Amino acid sequence: MAIVFSDTISLSTKGLGDTADITAGVTRIAEAAGAKNGVVAVFAQGSTASVTTIEYEPGVVNDLKKTLEKIVPAGAPYEHDRAWGDGNGFSHVRAALMKPSLTVPLIDGKMALGTWQQIVFIDFDNRPRERNVIVQVVGVE
Amino acid sequence: MAIVFSDTISLSTKGLGDTADITAGVTRIAEAAGAKNGVVAVFAQGSTASVTTIEYEPGVVNDLKKTLEKIVPAGAPYEHDRAWGDGNGFSHVRAALMKPSLTVPLIDGKMALGTWQQIVFIDFDNRPRERNVIVQVVGVE
Amino acid sequence: MAIVFSDTISLSTKGLGDTADITAGVTRIAEAAGAKNGVVAVFAQGSTASVTTIEYEPGVVNDLKKTLEKIVPAGAPYEHDRAWGDGNGFSHVRAALMKPSLTVPLIDGKMALGTWQQIVFIDFDNRPRERNVIVQVVGVE
């Protein structure tokens, strides 16, 4: 029988690339779904945040932040800021590049992540935010 | 009962980063599927286009274009162009970076998008194109 | 009836951006699943590899490698390397940017890829690796 189950992970973030390891939260939802096999869709709600996987240790997390600062500098001029004045044009561009979705296979009740591969939520906004990450499991018993 | 439903959004684009808001089209297909909960897979068919989410206003759309022009300049030399002569090496690289797929959870009949988060199709090719975006809903009633 | 089917593609890679066309392997698994319609989730297991689509010809494959070398240079200093000493900080950042997942709609038994759009696995690590790509089909007959 098909199972579809979803839940939300709520986070308080600091913005500016704040990166949260949400692997445990996604795992809890995947287990609560009661599906043995299927897909786990992880989705960052909002246009200034993203999800990806990374080895969650402070070094790599900072390396990714610095790379995005180089590619999409916070201090550069953005048309979005001229029009809207909220100063987070760089946040929008970083999020559009990194994208909000990630899909992880669920096999025998476990997500198919590598040993050093964690699921992270990255908040690119320029201020602290309350965030929702939507986790949707589609599978079978 | 499991529902799988798919339809195609056809677009005429101008290429060169032309960005179309396809949220309404994807929403129509998601509603036509008759699923209450599930995932909505959005897929850009072709190797010179992508889908992502963004706050769809002209400022951010241009900011993303400029960032991609900086990262993957149209005027730089590309091996693809030396071999194939169609001059769209930069288009291929941009599309491979931005990727063709996006997966959005469907919850109680509504996609879990944020208020200012639109689904966009970006055509990176160097000429106008006729394009197909495939939308596939997998869920339950 | 809902069908969920998964299998693994095992690869020996050379690292350093080594790019393998896995379209035939993913197609075989999609066909073996026995689903007519659904989604095919392709997932790179590990934190230094990614999947995307590209026109698989040597020119574009090299162009993408060079772009990633420009954005995330192998020779730059990374905090990950100072802490862990394995010298693959650039590999982790490239993989986090490119992300490990891709979702392709399956329609009438065929993946909805464009004619020149191949699914590739890219190994960003700094040494040869044995890799697993997980392919999960969720669909209906």
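Report on the accompanying structure. Predicted model, so just to flag it, every value in this text is computed and none were measured.

Mapping chain A onto chain C leaves a residual RMSD of 0.0 Å; the transformation is a rotation of 120° accompanied by 0.0 Å of translation along its axis. Here the transformation between the copies is reduced to the relation of a three-fold axis. Distance from the rotation axis, computed per C-alpha, reaches its smallest value in chain A at A:Ala2: 3.4 Å.

In this section: empty space enclosed by the protein. Scanning all chains against the criterion turns up four cavities of 30 Å³ or more. In this structure, the largest cavity occupies an estimated 120 Å³ of space. If you go around the largest cavity, the residues you meet are A:Ile71, A:Leu97, A:Met98, B:Leu68, B:Ile71, B:Leu97, C:Ile71 and C:Leu97. Elements supplying a minimum of two residues to the lining of the largest cavity: helix H4 (89–98) of chain A together with helix H2 (58–71) of chain B. Its residues assigned to classes, the lining of the largest cavity comprises eight nonpolar, no polar and no charged. By volume, the second largest cavity is sized at about 100 Å³. Surrounding the second largest cavity, A:Lys99, A:Ser101, A:Leu102, A:Thr103, B:Lys99, B:Ser101, B:Leu102, B:Thr103, C:Lys99, C:Ser101, C:Leu102 and C:Thr103 form its lining.

Moving on: unusual backbone geometry. Across the chain, the bulk of peptide bonds are trans and the bulk of non-glycine residues have phi less than zero. Unlike most non-glycine residues, A:Leu16 shows phi in positive territory, near 55°. Locating A:Leu16 in the fold gives a position in the loop between strand E1 (2–13) and strand E2 (18–21).

Criteria and cut-off values
Residues numbered from 1 in each chain as written. Chains lettered and ligands numbered in written order. Predicted model: local features only at pLDDT ≥ 70, side-chain atom pairs only at ≥ 80, totals over all residues. Heavy atoms only, no water. Least-squares fit on C-alpha atoms with pLDDT ≥ 70 in both. 1 Å grid on protein atoms, 1.4 Å probe; cavity = no way out; pocket = protein on both sides within 12 Å on 5 of 7 lines; lining within 4 Å. Points joined across faces, edges and corners; volume = space filled by probe spheres on them. Helix = DSSP H or I, 4+ residues; strand = E, 2+ residues; numbered from the N terminus. Nonpolar A, V, L, I, M, F, W, Y, C, P; charged D, E, K, R; others polar.

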